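# Architecture at a glance
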Amino acid sequence: MKKPKLSFWQIWNLSFGFLGVQIGYSLQNSNTSTIFESLGADLSHLSYFWLAAPVAGLVIQPIVGLFSDGTWTRFGRRVPFILGGALVSALALALMPNAPLLLAFAPLAMGAFILLFMDLSFNVTMQPFRALVADMLDDSQKTKGYVVQTFLINLGAVVGAVLPLILTRCGVSDEVVPGQVAQHIAWSYYIGGAILLATVLVTAFRTREYPPEEFARYNDETPEGTHDKPSFLELMRNVPKVMWQLGVVQFFSWAALFLMWTYLKPAITGVATDGGALLSEGEAQTWVGVLNGTYPVPACIASLFIAGIAARWGNKLVYALCLLFGAAGFAGLCFLSDKYALMIPMVGIGIAWAGILAMPYAILSRAVEARRMGVYMGIFNFTITVPQIVVGLTGGLIVTHLFGARPMAMIALAAVFMLLAAVSVAFVKDK
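Residues numbered from 1 in each chain as written. Predicted model: local features only at pLDDT ≥ 70, side-chain atom pairs only at ≥ 80, totals over all residues. Heavy atoms only, no water.

## Comments concerning unusual backbone geometry
Basically, it comes down to this: Helix and strand assignments come from DSSP, with helices taken as H or I runs of at least 4 residues and strands as E runs of at least 2, each series counted from the N terminus. A simple rule labels every residue: compare its accessible area, found with a 1.4 Å probe on the protein chains alone, to the largest value its type can have, and call it buried under 20%, exposed over 50%, or partly exposed in between.
With a phi angle near 60 degrees, A405 is a residue other than glycine that sits in the positive phi range. Inspection of the secondary structure assignment puts A405 in the loop between α17 (382-402) and α18 (408-424). Residue A405 is classed as partly exposed on the basis of its relative accessible area of 45%.

In structure tokens:
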């Protein structure tokens, strides 16, 4: 028995909450390094603070997926986790700019604690969105569902990245004061938290998940309660082969992205110019937000065409081409200095980002049992978190001892990683 076809706006509502979550995540990506530098962290330690996100994802997402697979409430199976995580995420966004006030004698430690708290809640909120699309759509609509989700993710990334710039234009100070979080960043966090809650509420109240009996009929299965409950080790032993193949691609692509998020700001500081004049530290940070808000724009545009191109030429070809654009983009960052010219390579990175957010999930969702979708989507998150942990643990040593404290060399390394990711797509067996 096939699942009913959903309208465009029903598919839109499935992922609308991800828009708000990505605004918060984008704020974190653009401003974490700056916040911790203002609280006293130095360049060689930045990658360690960035470990909070992948560690949280490594632990939380499989747990949330496992529990949501076996949960049913009057609100559904995925929505309760989405809503609960959103409430905590909004609170964490409000607390982060106030870390120096909450623990004045150790603001860096408080900031690290809030960052971990924030990442845990982001992961609780994000993970069920991936499974929700697979739950609600049949195979013929899954690629479209993940492409719509990708569009909303990138729209949120744009909003989150440019919020500090918009507030600066509205008169909010961007002055960098040692030991404090700049006002334009603080207010961006407050506004981002409010939007996150509002968008998640739309998904929560506009989505009707299939009850267990109906869900079982749509997937030609018996109700969940009649199945044995496999252990986590058994689930790992039965991971679909394609997940391991995609994992290689994911390792290189997410390692490249992690390098950009960690080192882009120090890489362009003292290098980026405006009309030949070097940008100040505050201006460089604001421009990093602009750059981080640039690449989701081409990602949004690319996502409008990905589903149609993939339907004709296949998921793998589209995926590999997207990653090649990303490799070219990272390489371009290493050769340009004008702040406006730096926006050009972000187009290639944006196209890669669109592919990374949509194609692996479209490929994987067809190879996973419907009743195990949540936990396997959580396990698949290992392929995102492990490369970030590896780079986070080694990044400080690499930039200091191998590259002589030249952060731009880390962006060049990202280009190499993205190229390897594109090549690795050839070894993926798409169903």
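On we go.
## Some remarks on the packing of helix α11 (residues 241-268) against helix α14 (residues 315-333)
Here is the rule: Fitted lines through C-alpha atoms give the axes, limited to the stretch in contact for helices. The angle between two N-to-C directions lies from 0 to 180 degrees. By definition in this entry, angles of less than 35 degrees are roughly parallel, angles greater than 145 are roughly antiparallel, angles of 65 to 115 are roughly perpendicular, and the rest are oblique. A clockwise turn of the near helix away from the far one marks a right-handed crossing, whereas an anticlockwise turn of less than a right angle marks a left-handed crossing. What makes two residues a contact is simply this: any of their non-hydrogen atoms within 4.5 Å. Amino acids outside the nonpolar list (Ala, Val, Leu, Ile, Met, Phe, Trp, Tyr, Cys, Pro) and the charged list (Asp, Glu, Lys, Arg) are all regarded as polar, and Gly is one of them.
Between α11 and α14, whose axes approach to 12 Å, the crossing angle comes to 25 degrees. With respect to their mutual orientation, α11 and α14 come out roughly parallel. The two elements α11 and α14 meet at a crossing, and its hand is left-handed. Within the contact between the two elements, α11 uses L246, V249, Q250, S253, A256, L257, M260 and L264 and α14 uses Y319, L323, F330 and L333. Looking at the contact of α11 with α14, its residues break down into 10 nonpolar, 2 polar and no charged.

## What to know about the pattern of salt bridges
Defined as follows: The working definition used for a salt bridge is a side-chain nitrogen of Lys or Arg within 4 Å of a carboxyl oxygen of Asp or Glu.
Here the structure, examined in full by the defined rule, presents 5 salt bridges. One salt bridge in this structure joins D135 and R77, with 3.5 Å as the shortest N-O distance. Of the two residues, D135 is situated in helix α6 (residues 107-136) and R77 in the loop between α3 (52-69) and α4 (79-95); the sequence distance between them amounts to 58 residues. The buried category is assigned to R77, whose relative accessible area is 8%. D135 is paired through a salt bridge with R78; the nearest N and O atoms lie 2.6 Å apart. Taken as a pair, D135 in helix α6 and R78 in the loop between α3 and α4 lie far apart in primary sequence, 57 residues in all.

## Things to note about the packing of aromatic side chains
Ring pairs (aromatic) are described by centroid distance and by the angle formed between their planes. Put simply, the rule reads: Pairing of aromatic rings covers Phe, Tyr and Trp, the last through its six-membered ring, and needs centres within 6.5 Å; plane angles under 30 degrees mean stacked, over 60 mean edge-to-face, and all others mean tilted.
Taken as a whole and assessed by the stated rule, the structure comprises 17 aromatic pairs. Measuring from centroid to centroid gives 5.7 Å for W254 and W353, while their planes differ by 70 degrees, and the two rings are edge-to-face. Placement of the pair is W254 in helix α11 and W353 in helix α15 (residues 343-365), with a sequence separation of 99 residues. Assessed through its relative accessible area of 6%, W254 is described here as buried.

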